[in-house]
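Chain by chain, the residues:
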Amino acid sequence: MTDKLLNHRAEGPASAPPLLLGPSLGTSTRLWDKVAPELSITHRVVRWDLPGHGRSPAGLIAPGATVDDLAALVLDLADTLGLERFAYAGVSLGGAVGLWLAAHHPERISSLAVLCSSAHFNGAKPWRERAELVRREGREGLAGLAETADSRWFTPGFTVPELVEDHRRADPGAYAACCDALAAFDVREELSGITAPTLLVAGRQDPATPPAHLREIADVVPGATLIEIAGASHLAPAERPEAVLAALRGHFDGYAKRGMEVRRQVLGDTHVDRAQSRQTPFTARFQDFISRYAWGEIWTDPTLSRRERSMITLTALVAHGHYDELAMHVRAARRNGLTPEDIGAVLLQTAVYCGVPAANSAFAAAQRVLAEEEKAEGEGEEGRG
């Protein structure tokens, strides 16, 4: 089976949302070395190698190949891994694969990021000439191209020797077939049909796919976002990993927005509006952290119900003596379906494991909240009467 499947490397929790990362021509999974480990904190990241690159079998591709063929291999990989729907990010040829998948298999792509790539690669002639050169000269031809890789891939003075070595070690036939795919690629007429949320990332100093190429895509794909990274050339994830990571996190995670929705559902609009109104430049990053991390990642995890999470949270707050916070979460627990009797049972349990004095203070704080709630309900009944 391995000789029919793209080589890949998976990182991150198996239960996390899947994210596939595609490489550029001449590189391997190492292109993502400075980005993938961080992305794997919140995603099941799967990096893959092009045929004949890294450890992928060269026989997966043949002369006259198309990006369609490469995309089919990616779908085979996703199917083997049980990934019915996934986010996708790719560089150059890897980005072209993402565009093709989003245009032709929208049901598979949940979100798309296209980095240092294009909807077309400057016509067929230069790629056919490169394919002919490599087929004719074999590894010597690849070695010659590798000598100029730094000028095509990076800004002056920067290099990643491991990636240049990937270029030298690629299989000549598979490399040439990938050039055939680049020569034939043109999806400009299909861009308007892409429905996945799309991010375009351009290296401002990229000579191969300059920002204008990404801008062309952004102008047509509905709702697309374009980011230009200063000090980056064609292989931005290797040269400016921090900037690329920030862009991809913002695009794929969406935790702040989702977290704010959950935060309002659990704590109520009044509390959240009050917290937001008190926000200052000094506290803004903390508020964003709470929305992304606590509410956007933990409270949205479906492993536990919100009711169960409320009981755990009440216990933890009692254990640490955070009684003001406890009062807020007693209100949240009521929204999450806990009855006063349920809350009392939780606090009684804390008397055993957190101590009687802690539970005594907790009962007092909870009783005040429940009394306020009962009073408000009574006033509401009188108003209706």
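Within any chain, residue numbers begin from 1 and follow the written order of that chain's sequence. In view of the model being predicted, local features appear only for residues whose pLDDT reaches at least 70, and side-chain atom pairs are presented and counted only at 80 or more, with totals across whole chains, interfaces and linings using the full set of residues. Excluding hydrogens and water, the side-chain values take into account all heavy atoms of the structure.

1. Structural notes on the pattern of salt bridges
Think of it this way: side chains of opposite charge can pair up when their charged atoms draw near. Just to be clear on terms, a salt bridge is a Lys or Arg side-chain nitrogen sitting within 4 Å of an Asp or Glu carboxyl oxygen. Within this structure, the stated rule accounts for 21 salt bridges. Overlapping salt bridges, with partners in common, bring together R9, E11, D33 and R47 in one network.

2. Comments concerning the UniProt feature "domain: AB hydrolase-1" (unreviewed entry) in the protein chain
Feature annotation in UniProt places "domain: AB hydrolase-1" (unreviewed entry) on residues 17–120, given in this structure's numbering. Strands are runs of DSSP state E lasting at least 2 residues, helices are runs of H or I lasting at least 4, and numbering of each runs from the N terminus. Spanning residues 17–120, this segment combines 29% helix with 22% strand, and its end C-alpha atoms are found 30 Å apart. UniProt positions are given in the numbering used here, feature names are shortened, and annotations may be inferred rather than shown by experiment.

3. Considering the sheet that holds strand β3 (residues 44–48)
Neighbouring strands of a sheet are bound in pairs by backbone hydrogen bonds; such pairs are parallel or else antiparallel. Here, any two strands with at least 2 DSSP bridges between them count as paired. Spatially, the seven strands line up as an open sheet ordered β1-β3-β2-β4-β5-β6-β7, and their pairing is mixed. Whereas interior strands pair on both sides, the edge strands pair on one side only; in this sheet they are β1 (8–11) and β7 (225–229). Across the sheet, the mean angle separating the axes of adjacent strands is 15 degrees when strand polarity is ignored. Two elements, strand β4 (residues 86–91) and strand β5 (residues 109–115), share six bridges in a ladder whose sense is parallel. Each residue of the ladder has a partner; that of V91, found in β5, is L115. Only the stretch in contact is used when a helix axis is fitted, and all axes are lines through C-alpha atoms; the angle between N-to-C directions ranges over 0 to 180 degrees.

4. Some remarks on the packing of helix α15 (residues 306–319) against helix α17 (residues 340–353)
Contact geometry for α15 and α17: axes closest at 10 Å, N-to-C directions at 40 degrees. Accordingly, the angle class assigned to the pair α15 and α17 is oblique. Helix-helix and strand crossings are classified by hand; for α15 and α17 the assignment is right-handed. Residues R307, M311, L314, T315 and V318 of α15 form the contact with α17, whose own contacting residues are D342, I343, V346, L347 and T350. Following the grouping adopted for this structure description, the nonpolar residues are Ala, Val, Leu, Ile, Met, Phe, Trp, Tyr, Cys and Pro, the charged ones are Asp, Glu, Lys and Arg, and the polar ones are all others, Gly among them. In terms of residue class, the contact of α15 with α17 is made up of six nonpolar, two polar and two charged. For this classification, under 35 degrees means roughly parallel, over 145 means roughly antiparallel, 65 to 115 means roughly perpendicular, and everything else is oblique. What makes a crossing left-handed is the near helix being turned counterclockwise from the far one by less than a right angle; a clockwise turn instead makes it right-handed. Only heavy atoms enter the contact rule, under which two residues are in contact if any of them lie within 4.5 Å.

5. So, a nonpolar patch on the surface
Together, F286, F289, Y293 and I298 line one region of the surface with nonpolar side chains, adding up to about 390 Å² of accessible area. Among the structural elements, F289 can be located in helix α14 (residues 284–298). Classification of F289 as partly exposed rests on a relative accessible area of 37%. Only residues whose relative accessible area exceeds 30% and that form no salt bridge enter a patch; like-charged residues are grouped when within 9 Å of one another, and nonpolar side chains (Val, Leu, Ile, Met, Phe, Trp, Tyr) when within 5 Å. To be clear on the numbers: accessible area is Shrake-Rupley with a 1.4 Å probe, and residue cover counts the displayed protein chains and nothing else. Buried residues are those whose accessible area, probed at 1.4 Å on protein chains only, stays under 20% of the maximum for their type, while exposed residues exceed 50% and partly exposed ones sit between those limits.

6. A few points about the nonpolar core
Each nonpolar core is a collection of buried residues, namely Ala, Val, Leu, Ile, Met, Phe, Trp, Tyr and Cys, held together in the definition by side-chain atoms within 4.5 Å. Judged by nonpolar contacts, the single largest core of 61 residues is most densely connected at Y88, V97 and L99. Sort the elements by how many residues they give to this core and helix α8 (residues 172–184) lands first, with nine residues. With residues near it in sequence (within four places) discarded, V97 still touches W48, V67, L70, A71, V74 and Y88. Membership of the second largest hydrophobic core comes to 33 residues, among which are A87, A89, A146 and L163.

7. A word on the pairing of strand β2 (residues 18–22)
Of all five residues making up β2, five are buried, and the element is well covered by its neighbours. Burial along β2 is two-sided: the face carrying P18, L20 and G22 and the face carrying L19 and L21 are both buried. Across four bridges, the pairing between β2 and β3 is parallel. Residue pairing across strands places P18 opposite R44, the latter belonging to β3. Here four bridges tie β2 to β4, and the two strands are oriented parallel to one another. The residue bridging L19 from the neighbouring strand is A87, located in β4.

8. Regarding the state of the cysteines
Note on disulfides: each one is a pair of cysteine sulfur atoms within 2.5 Å. The tally for this structure, following the rule as stated, stands at zero disulfides. You can see C116 has no disulfide; the closest cysteine sulfur is in C178, sitting 18 Å from it.

9. Let's talk about the UniProt feature "domain: Peptidase S33 tripeptidyl aminopeptidase-like C-terminal" (unreviewed entry) in the protein chain
Under the present numbering, the feature "domain: Peptidase S33 tripeptidyl aminopeptidase-like C-terminal" (unreviewed entry) in UniProt falls on residues 195–239. For residues 195–239, the helix share is 27%, the strand share is 24%, and the end-to-end C-alpha distance is 30 Å.

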